[in-house]
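Observations on the three-dimensional arrangement
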Amino acid sequence: MNKLAVSDCSPLTSNGDIGGVINGHRNSINVADILNLYGKVGSSSFEELSQLKQKTVELKKNQQFFSVCEGRADIFVLREGWASLSHAAGARGQDICNVFMPGDVIGLRESFFENHDVVIHSVTDCEFLKVSAEGLHKLFKNNDEIRNAIISYVMINDNITLERLRSCTHHRSEGRVAHFLLEIYFRFDFKGLLEGDVFDFSITQEVVGELLGITSVHVSRCMTALEQKKYIRKTRNSIKLLEPEEMARNTGFDRDFIYGCVCLN
């Protein structure tokens, strides 16, 4: 993966070295490893990220906590499990707006907004690292490599959300579910956490349905239909994609749009 720098347009692909580190030591995932996937940081920048104040936080399944840091969201690295995020904003309620897997950073984008509080809900048992938002913001201001990596992380994850929204406005239920499975597949792949074509899928049909704007019953029916068409093979907590390329053609899933070229000027 090429280094992201000012005036550089760099293709983002899975980095075998970093992916191997995360895959081999999932319980030691940290913010330095993750940001290095999105914009290559040098050894000194990596060391600065590694020295940020961090605290382990564990949640049991279906627990939640309200995240706020002086009017701004805290920052958490998800090391184990699945979690969802909701925005607590008065009349809007606490509807789920995203899901996270190991190797994701929760609250990074939100931490740059004042009064942008979030609720993190553990879909499974989870282990997080709470990272100093103040420390990371200082590095963002003073270190070009870290700033570029953070911007790239936010932009790519915004692309993921945009692709999901496009799918929900252009496809019926089955297409939405197929597109979402491809999204999760490539999110694991990008981090180097994919084993063959099988990935962990421990989120509930209710969570999937809320994200995609359909009922949990529709999610179940769509999963069954995709399995009958031999596009997927599912177990209780995992999914194997049997025809990812054909699924991408049918749904218009655009991996290059999400992970393609980030230009920082």
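Below you will find a few notes about this structure. These numbers were taken from a predicted model, which means no experiment stands behind them.

**With respect to the overall build of the protein**
For the protein, the helix and strand inventory stands at 10 helices and 13 strands. Taking all 265 residues of the protein together, 53% fall into the buried category. For the protein, contacts bridging at least 24 residues in sequence account for 73% of all contacts bridging at least 6. Looking at the protein as shown, the accessible area adds up to about 12,500 Å², and 47% of this sits on carbon and sulfur atoms.

**With respect to the packing of aromatic side chains**
Taken as a whole and judged by the stated rule, the model has 13 aromatic pairs. Measuring from ring centre to ring centre gives 4.8 Å for Tyr38 and Tyr153, while their planes differ by 70°; the resulting arrangement is edge-to-face. Remark: Tyr153 occurs in helix 5 (residues 144-170) and Tyr38 occurs in helix 2 (residues 31-38); sequence separation between them is 115 residues. With relative accessibility at 4%, the residue Tyr153 sits in the buried group.

**Focus: the environment of Ile75**
Take Ile75: it is sitting in strand 4 (residues 75-80). You can call Ile75 buried: its relative accessible area is 0%. A sequence separation of 30 residues divides Ile75 from Val105, and the C-alpha atoms of the two residues are 6.9 Å apart. Contacts of Ile75, omitting those with residues within four sequence positions, involve Val105, Ile106, Gly107, Leu108, Ser111, Leu129, Lys130, Val131, Ala133 and Leu136.

**Description of the nonpolar core**
Membership of the largest hydrophobic core comes to 66 residues, with the highest contact counts inside it found for Phe180, Leu181, Phe199, Phe201, Ile232 and Leu241. Examining the composition of this core, we find that 10 residues originate from one element, helix 6 (residues 173-191), more than from any other. Setting aside residues no more than four positions away along its own chain, Phe180 makes contact with Val99, Arg164, Phe201, Ile203, Val208, Leu211 and Leu212. Counting 13 residues, the second-largest nonpolar core is a separate cluster that includes Ala83, Leu85, Cys126 and Phe128.

**So, the pattern of salt bridges**
The full count for this structure, using the stated rule, is 12 salt bridges. A salt bridge links Lys229 to Glu174, with the shortest nitrogen-to-oxygen separation between them at 2.6 Å. Within this pair, whereas Lys229 is found in the loop between helix 8 (216-228) and strand 11 (232-234), its partner Glu174 is found in helix 6, the two being separated by 55 residues in sequence. When its relative accessible area of 25% is taken as the criterion, Glu174 is described as partly exposed.

**Observations regarding the side chain of Asn36**
Note that Asn36 resides in helix 2. Among the polar contacts listed, one links the side chain of Asn36 to the backbone nitrogen of Val41, at a separation of 2.9 Å.

**A word on the sheet that holds strand 10 (residues 198-200)**
What the three strands build is an open sheet, ordered 10-12-11; its pairing is antiparallel. Looking along the sheet, the strands with just one partner apiece sit at the ends: strand 10 and strand 11. The mean angle between the axes of side-by-side strands here comes to 20°, regardless of whether they run parallel or antiparallel. Across three bridges, the pairing between strand 11 and strand 12 (residues 238-241) is antiparallel. Across the sheet, the residue bridging to Arg233 is Lys240, located in strand 12. Across the sheet, helix 8 lies against strand 11 and strand 12, angled at about 125° from strand 11, the strand it touches most.

**Examining the packing of helix 6 against helix 7 (residues 205-212)**
Between helix 6 and helix 7, whose axes approach to 11 Å, the crossing angle comes to 105°. Between helix 6 and helix 7, the interaxial angle falls into the category roughly perpendicular. The segment helix 6 lies against helix 7, with Arg176, Val177 and Phe180 engaging Val208, Leu211 and Leu212. In terms of residue class, the contact of helix 6 with helix 7 is built from five nonpolar, no polar and one charged.

**Structural notes on the packing of helix 2 against helix 5**
The geometry of helix 2 relative to helix 5 is characterised by a closest axis approach of 8 Å and an angle of 75° between their N-to-C directions. By the angle between their directions, the pair helix 2 and helix 5 is classed as roughly perpendicular. Listed contacts from helix 5 to Ile34, Leu35 and Tyr38 of helix 2 are Ala149, Ile150, Ser152, Tyr153, Ile156 and Asn157. Looking at the contact of helix 2 with helix 5 residue by residue, the classes come out as seven nonpolar, two polar and no charged.

About the thresholds
Residues numbered from 1 in each chain as written. Predicted model: local features only at pLDDT ≥ 70, side-chain atom pairs only at ≥ 80, totals over all residues. Heavy atoms only, no water. Helix = DSSP H or I, 4+ residues; strand = E, 2+ residues; numbered from the N terminus. Buried < 20%, exposed > 50% of the residue type's maximum accessible area, 1.4 Å probe, protein only. Contact = heavy atoms within 4.5 Å. Areas by Shrake-Rupley, 256 points an atom, 1.4 Å probe, with all protein chains shown as cover. Phe/Tyr/Trp six-rings, centres within 6.5 Å; stacked < 30°, edge-to-face > 60°. Core = buried A, V, L, I, M, F, W, Y, C linked by side-chain atoms within 4.5 Å. Salt bridge = Lys/Arg side-chain N within 4 Å of Asp/Glu carboxyl O. Polar contact = N/O pair within 3.5 Å; in protein donor to acceptor, adjacent residues only side chain to side chain. Pairing = 2+ DSSP bridges. Axes fitted to C-alpha atoms, helices over the stretch in contact; angles between N-to-C directions. Parallel < 35°, antiparallel > 145°, perpendicular 65-115°, else oblique. Nonpolar A, V, L, I, M, F, W, Y, C, P; charged D, E, K, R; others polar.

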